[in-house]
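One-letter residues, chain by chain:
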Amino acid sequence: MRTATSPAATASPPPAPRDPNLRRMANAIRALAMDAVEQAKSGHPGMPMGMADIATVLFTQFLRFDPQAPDWPDRDRFVLSAGHGSMLLYALLHLTGYGDMTLDELRRFRQLGSRTAGHPERGHAGGIETTTGPLGQGFGNAVGMALAERMLAAEFGDGIVDHRTYVLASDGDLMEGISHEAASLAGHLGLSKLIVLYDDNSISIDGSTELTFSDDPVLRFRGYGWTAERIDGHDPTAVAEAIRRAQSSDRPSLIACRTTIAFGAPNKAGTAAAHGSPLGAAEVAGARERLGWSEPPFVIPEDLRAAWRATGARGASLRREWETRLQSLSGERRSQFLRRQRSELPSGLSQAITTLCSEFRQANAKIATRQASGAVLDSLTRAVPELVGGSADLTPSNNTKAKDQKDVRRGDYAGRYIRYGVREHGMAAAMNGIAVHGGLIPYGGTFLTFSDYARPSIRLAALMGLGVIYVMTHDSIGLGEDGPTHQPVEQLAALRAMPGLWVYRPADAVETAECWALALQRRNAPSLLALTRQSLPLLRRETGSGNRSARGAYVLAETEGSRHITLLATGSEVSLATAARDALGKEGIRAAVVSMPCWELFEQAPKDYQDQVLGAAPRVGVEAAVEFGWERWLGARGEFIGMKGFGASAPGEALFPHFGFTPEKVAEVARSLL
């Protein structure tokens, strides 16, 4: 049972640390956090003030980093999962000498165009490893980072890849369900270089955590196979000793650090009032007095600034030693390592896709696009060695494991396939962590309907611009007997509504290969492939046409003479539109068929190309999903054939006609528009 710490019990600071300079260095963080939040009149001062002692110990004694080379591949990773306490990270980056985190940026905390967003955003400044704020996400990312480190070490050796991942997590991070998925996976895989520093301050927005949170995280994490202990987070010696024990463990580690939120504040320390609001001028003045901090706002004494800059400078020699080791690699291996760090694809990708398309055309087989995707992966994992696959316990259904991929196992990280278990959210967050780590391209599979379980992490991948690939199979009522609980209806529309996410729904095997190529080539945004369970005929039999899916939509079958009607469709419904075209043609009705595998790409196409593809004739849209979003393509004289509600449990071949997905229905609606 956890117990809250009363404000009265935390009014006086604990005994001074053995090294009084550590407390003064920590107070520099506290002062900057108070000042920035106060100036912005918005923010979370309590966590940075409470965790300043722990962060000071970590950065001055353990963390391997170089502010002059923020992307040094073998740096330790520091993840602020408790992203609401962003001023802790910003203060550390400024104090240790990251060039783009200036004092002016701290003064502009939470202002438009500043690097100091309310929650840390990857890309805004060096040293921000990942975007955090939605609680639990940073924790999940860190599991992926730690896993990527072990996998790359297995490939390139510990002399090139040998670093730790440190996480600062809050009560809220551990309350979120994703923390269970992520911690369970980390314990199962024995990610011993993952160390979580848990801010055990017993306070959340609503008040004492006794209101909502009575589990014992130490016992819980031991149950996951972690080492876990509880320490005084304001005792630098205890913090340092705990980190040393964690570093020598053969398991991931949780260090529950008992802290006082807003440490030093005379009245609000230890209370929810310090969590998400400025302390106020009087409280800030009182905190300065209690902390012995007499400097004006945003002023750091020169001796403390020098001490912090010395902390940042010590990583340069470590980086140079690493660069020497990197040079000892053979030229080919060194080139491959650096190419992958630059997110550059190998030269053989285009030829691999061309060969695959040729093989699909030669076979002319009726196969599900999930099967086609599996065949694509058999080739791509050889052409693109950094591809790392996985599935949320649906490997044989998603067809995500290539023939030559070995499983990643505890103690053996040389494989390239991760068994995520039934942990969709944890999987997606870990893939984000693998992506931000660098050196690997993650893809992972589940059913399209369960993209809802992974959505928060997908959204952050889109926000960060990560080249993660989601393989989402069983993409419609066509999956059949599993019924409406498993049949996606609204998911395509919801995913297409997400900025920065590229959704691909291929119509046959050739389009599947083309969409895989496009997903891989887009290293600055996530891609999602929606794939069928049911078999589809090969529609793209022509040769030498290039990647027609690259424009997002294209005319699959044009008319001789002006169009009477244009049939628009995606995925499995393209073959229905093609059959309807043939039926209409026998009646003298000239119908064109447009395949639209990726709306986002088509939206980027020039207006004249869009007009050419869509044509001036009335349009019928066909997709086994809800209509939302289709209005932009149908025009004033358009009709849509789709789902009006949830599906049903029956064989797919019975469900399609039941819900009106037949060539006859498409032809009927087309005639009604003439």
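The structure this text deals with has already been given above.
Residues numbered from 1 in each chain as written. Predicted model: local features only at pLDDT ≥ 70, side-chain atom pairs only at ≥ 80, totals over all residues. Heavy atoms only, no water.

A. Molecular detail of the overall build of the protein. When its secondary structure is counted, the protein shows 26 helices and 20 strands. A compact globule built from 674 residues should have a C-alpha radius of gyration of about 26 Å, and the protein, at 28 Å, falls within 12% of that. By its C-alpha atoms, the protein is 90 × 55 × 45 Å across when sized along the principal axes. Within the protein, the proportion of its 674 residues that are buried is 63%. In the protein, of all internal contacts separated by at least 6 residues, the share reaching a separation of at least 24 is 78%. As displayed, the protein offers around 24100 Å² of accessible surface, 50% of which is attributable to carbon and sulfur atoms. (Helix = DSSP H or I, 4+ residues; strand = E, 2+ residues; numbered from the N terminus. Rg over C-alpha atoms; globule rule 2.2 N^0.38 Å. Buried < 20%, exposed > 50% of the residue type's maximum accessible area, 1.4 Å probe, protein only. Contact = heavy atoms within 4.5 Å. Areas by Shrake-Rupley, 256 points an atom, 1.4 Å probe, with all protein chains shown as cover.)

B. Up close: the sheet that holds strand β12 (residues 469–473). The strand order across the open sheet formed by 6 strands is β10-β9-β11-β12-β14-β13, and the pairing between neighbours is parallel. The sheet is open, and its two borders are formed by β10 (417–419) and β13 (502–504), each paired with just one other strand. Between one strand axis and the next, the sheet turns by 20° as a mean value, whatever way the strands run. As paired strands, β12 and strand β14 (residues 527–530) are joined by 4 bridges and run parallel to one another. Note on β14: the bridge partner recorded for Y470 is L528. (Pairing = 2+ DSSP bridges. Axes fitted to C-alpha atoms, helices over the stretch in contact; angles between N-to-C directions.)

C. View of the packing of aromatic side chains. For the structure shown, the criterion picks out 19 aromatic pairs. On the basis of an interplanar angle of 90° and a centroid distance of 5.0 Å, the ring pair of F221 and W226 is categorised as edge-to-face. Comparing F221 with W226, the two get one shared label, buried. Taking the centre distance of 5.6 Å and the plane angle of 55° together, the rings of F656 and F661 count as tilted. Summarising the burial analysis for this pair, F656 and F661 share the class buried. (Phe/Tyr/Trp six-rings, centres within 6.5 Å; stacked < 30°, edge-to-face > 60°.)

D. Representation of the state of the cysteines within the structure. This structure, assessed with the given rule, holds 0 disulfides. Note on C357: no disulfide assigned, nearest cysteine sulfur contributed by C515 at a separation of 10 Å. (Disulfide = S-S within 2.5 Å.)

E. Representation of the environment of R333 in the model. In this fold, R333 is placed in helix α13 (residues 331–341). Since its relative accessible area comes to 32%, R333 is described here as partly exposed. In this structure, the C-alpha to C-alpha distance between R333 and M151, residues 182 residues apart in sequence, is 15 Å. Leaving out residues up to four positions away in the same chain, R333 has contacts with E155 and F156.

F. Region of interest: the nonpolar core. Within the largest apolar cluster, 73 residues are counted, with the highest numbers of intra-cluster contacts made by F139, L191, L194, F221, W226, Y470 and L528. It is helix α5 (residues 137–156) that contributes the most residues to this core, 11 residues altogether. Those residues in contact with L191 that sit more than four places away from it in its chain are V143, A146, L147, R150, A186, R251, P252 and Y413. Grouped together as the second largest cluster of nonpolar side chains are 69 residues, M47, L89, L93 and A125 included. (Core = buried A, V, L, I, M, F, W, Y, C linked by side-chain atoms within 4.5 Å.)

G. Expanded view of helix α18 (residues 451–464). Between its first and last C-alpha, α18 extends 18 Å over 14 residues, near the 20 Å set by a 1.5 Å rise per residue. At S457, α18 shows its maximal bend, which comes to roughly 40°. All buried positions along α18 are accounted for by S451, A454, S457, I458, L460, A461, A462 and M464. For α18, the secondary structure elements touched by its buried residues are α5, α7 (177–189), α17 (424–437), β11 (441–447), β12 and α19 (491–496). Among the residues trailing α18, G465 stands out with phi positive, at a value near 70°. (Expected span 1.5 Å × (residues − 1). Bend = angle between axes of the 7 residues up to and from the residue.)

H. Representation of the layout of surface pockets in the model. There is about 620 Å³ of room inside the largest pocket. Taken together, 31 residues line the largest pocket, and the ones lying closest to its centre are R122, S343, A435, V436 and G438. Looking at which element gives the most residues to the lining of the largest pocket, the answer is α17, with 3 residues. One number sums up the size of the second largest pocket: a volume of about 340 Å³. Lining the second largest pocket are 18 residues, and of these Q534, S535, G652, E653 and F656 sit closest to its centre. Listing elements by their share of the lining of the second largest pocket, those giving two or more residues are β15 (535–536), α21 (573–585) and α25 (652–658). Looking at the lining of the second largest pocket element by element, the count peaks at 4 residues for α25. (1 Å grid on protein atoms, 1.4 Å probe; cavity = no way out; pocket = protein on both sides within 12 Å on 5 of 7 lines; lining within 4 Å. Points joined across faces, edges and corners; volume = space filled by probe spheres on them.)

I. Quick look at the side chain of T662. Tracing the backbone shows T662 in the loop between α25 and α26 (663–672). Looking at T662, the relative accessible area reads 17%, which means it is buried. In this structure, T662 is in contact with L576 and P657, ignoring residues within four places of it in sequence.

J. Spotlight on empty space enclosed by the protein. By the definition in use, this model includes 3 cavities of 30 Å³ or more. Roughly 90 Å³ of volume is contained in the largest cavity. Within the lining of the largest cavity, the residues separate by chemical class into 8 nonpolar, 1 polar and 3 charged. (Nonpolar A, V, L, I, M, F, W, Y, C, P; charged D, E, K, R; others polar.)

K. Helix α14 (residues 349–363), seen in detail. The terminal C-alpha atoms of α14, which comprises 15 residues, lie 21 Å apart, in line with the 21 Å expected from a rise of 1.5 Å per residue. When we look at burial in α14, the residues that qualify are L349, A352, I353, L356, C357, F360 and R361. Looking at the buried side of α14, the elements it contacts are β8 (367–368), α15 (369–383) and α20 (509–521). Remark: N364 follows α14 within two positions and exhibits a positive phi of approximately 50°.

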